[in-house]
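Below, each chain spelled out in residue letters.
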Amino acid sequence: MADHAAVEVRRSKRRRRTVSAYREGERIVVLVPASLSRREEEDWVEKMVARLERSERRLRPSDDELMARALVLNDRYLGGIAVPESVRWVANQHTRWGSCSPGDRAIRLSARLQGMPAWVIDYVIVHELAHLIEAGHDARFWAWVERYPQTERAKGYLEGWSAAARVDPPSSADAG
């Protein structure tokens, strides 16, 4: 079981068979039927915490995992010519989804993307990788970005997220 997360087990007499887990702040809450033995409870808690943490890792990849994804996306959609030096999460981007410094080949992704679907994060990575080929947002740049098949869908998702959060979406020039 995770050493870093506090776990709270909530037993319910109304719950018959299902076991579920979710994060509440820094704590993991596991809901179990009251009829489980302590041993069954321990087994389920361990299983559900591991499942939740696996799911969270998929939605919140580490910086090393972002770099690996960027290299795969670069090879797949950009012919391997947009190799970044680094790809990492940052918490100080409130008006952009990502940014790229072509000089040092550094890509930064807004922490606001964490928890979004992988295909949305991949779109932002491809967008930033394309800046390693074309600096601006001209037709040549968008031709590179549109090699990623989920481009329009991801742009729509991000616009919808911004509208739901009542945040002005970045302009095309600030989208990444």
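As a starting point, this report considers the structure included with it.

Cut-offs and rules
- Residues numbered from 1 in each chain as written.
- Predicted model: local features only at pLDDT ≥ 70, side-chain atom pairs only at ≥ 80, totals over all residues.
- Heavy atoms only, no water.
- Phe/Tyr/Trp six-rings, centres within 6.5 Å; stacked < 30°, edge-to-face > 60°.
- Helix = DSSP H or I, 4+ residues; strand = E, 2+ residues; numbered from the N terminus.
- Lys NZ or Arg CZ within 6 Å of the ring centre and 35° of its normal.
- Core = buried A, V, L, I, M, F, W, Y, C linked by side-chain atoms within 4.5 Å.
- Buried < 20%, exposed > 50% of the residue type's maximum accessible area, 1.4 Å probe, protein only.
- Contact = heavy atoms within 4.5 Å.
- Pairing = 2+ DSSP bridges.
- Axes fitted to C-alpha atoms, helices over the stretch in contact; angles between N-to-C directions.
- Salt bridge = Lys/Arg side-chain N within 4 Å of Asp/Glu carboxyl O.
- Parallel < 35°, antiparallel > 145°, perpendicular 65-115°, else oblique.
- Left-handed = near helix turned anticlockwise from the far one by under 90°.
- Polar contact = N/O pair within 3.5 Å; in protein donor to acceptor, adjacent residues only side chain to side chain.

Notes on the packing of aromatic side chains
Evaluated as defined, the whole model comprises 4 aromatic pairs. With a centroid separation of 5.3 Å and an interplanar angle of 85°, the aromatic rings of Tyr-77 and Tyr-148 are classed as edge-to-face. Pair noted here: Tyr-77 is in helix α2 (residues 63–78) and Tyr-148 is in the loop between α4 (139–145) and α5 (151–164), with a separation of 71 residues, a long-range link. Residues Phe-141 and Trp-142 carry aromatic rings whose centres are separated by 5.0 Å and whose planes lie at 80° to one another, so their mutual orientation is edge-to-face. In this structure, Arg-112 is placed above the aromatic ring of Trp-97, and the distance from its NZ or CZ to the ring centre is 4.1 Å. Here the basic side chain of Lys-155 rests over the ring of Trp-142, its NZ or CZ set 4.5 Å away from the ring centre.

With respect to the nonpolar core
Soluble globular proteins tend to bury their nonpolar side chains together. Grouped together as the largest cluster of nonpolar side chains are 32 residues, with contacts concentrated most on Leu-109, Leu-113, Tyr-123, Ile-125, Leu-129 and Leu-158. Elements with a contribution of two residues or more to this core: α2, β4 (86–90), β6 (106–110), α3 (118–131), α4 and α5. With 9 residues, the top contributor of residues to this core is α3. Sequence-distant contacts of Leu-158, that is, excluding residues within four places in its chain, are made with Trp-97, Leu-113, Met-116, Val-120, Tyr-123 and Val-124. Within the second largest apolar cluster, 10 residues are counted, among which are Ala-5, Val-32, Met-48 and Val-49.

A short note on the sheet that holds strand β3 (residues 27–33)
Spatially, β1-β3-β2 is the arrangement adopted by the 3 strands of the open sheet, whose pairing is mixed. The open sheet has two free edges, formed respectively by β1 (6–12) and β2 (20–24), since each of these has just one partner strand. The average angle at which neighbouring strand axes cross in this sheet is 25°, direction not considered. Relative to β3, β2 is paired through 5 bridges, and the arrangement is antiparallel.

So, the pattern of salt bridges
Throughout the structure, instances matching the rule amount to 11 salt bridges. Glu-8 serves as the salt-bridge partner of Arg-10, at 2.7 Å between the closest nitrogen and oxygen. On the basis of relative accessibility, which here comes to 28%, the residue Arg-10 falls in the partly exposed class.

Notes on unusual backbone geometry
A positive phi angle, close to 55°, is found at Arg-105, a residue other than glycine. For Arg-105, the position within the fold is in the loop between β5 (98–101) and β6. Relative accessible area serves as the criterion here: at 26%, Arg-105 is assigned to the partly exposed category.

Digging into the packing of α2 against α3
Following both chains from N to C, one finds α2 and α3 inclined at 70°, their axes separated by 10 Å at the closest point. Considering their axes alone, α2 and α3 lie roughly perpendicular with respect to each other. Relative to α3, α2 is oriented so that their crossing is right-handed. Residues Leu-66, Arg-69, Ala-70, Leu-73, Asn-74, Tyr-77 and Leu-78 of α2 form the contact with α3, whose participating residues are Ala-118, Ile-121, Asp-122, Ile-125, Val-126, Leu-129 and Ala-130.

Quick look at the side chain of Asp-122
Within the secondary structure, Asp-122 sits in helix α3. A polar atom in the side chain of Asp-122 sits 2.7 Å from the side chain of Arg-69. With near-sequence residues (within four places) excluded, Asp-122 lies in contact with Arg-69, Leu-73 and Tyr-148.

Brief notes about the pairing of β5
Of the pairings in the sheet, the one linking β5 to β6 comprises 4 bridges and is antiparallel in character. In the sheet register, Ser-101 faces β6, and the bridge partner there is Ala-106. Adjacent in sequence and paired antiparallel, β5 and β6 are bridged by 4 residues, among which Arg-105 carries a positive phi angle near 55°.

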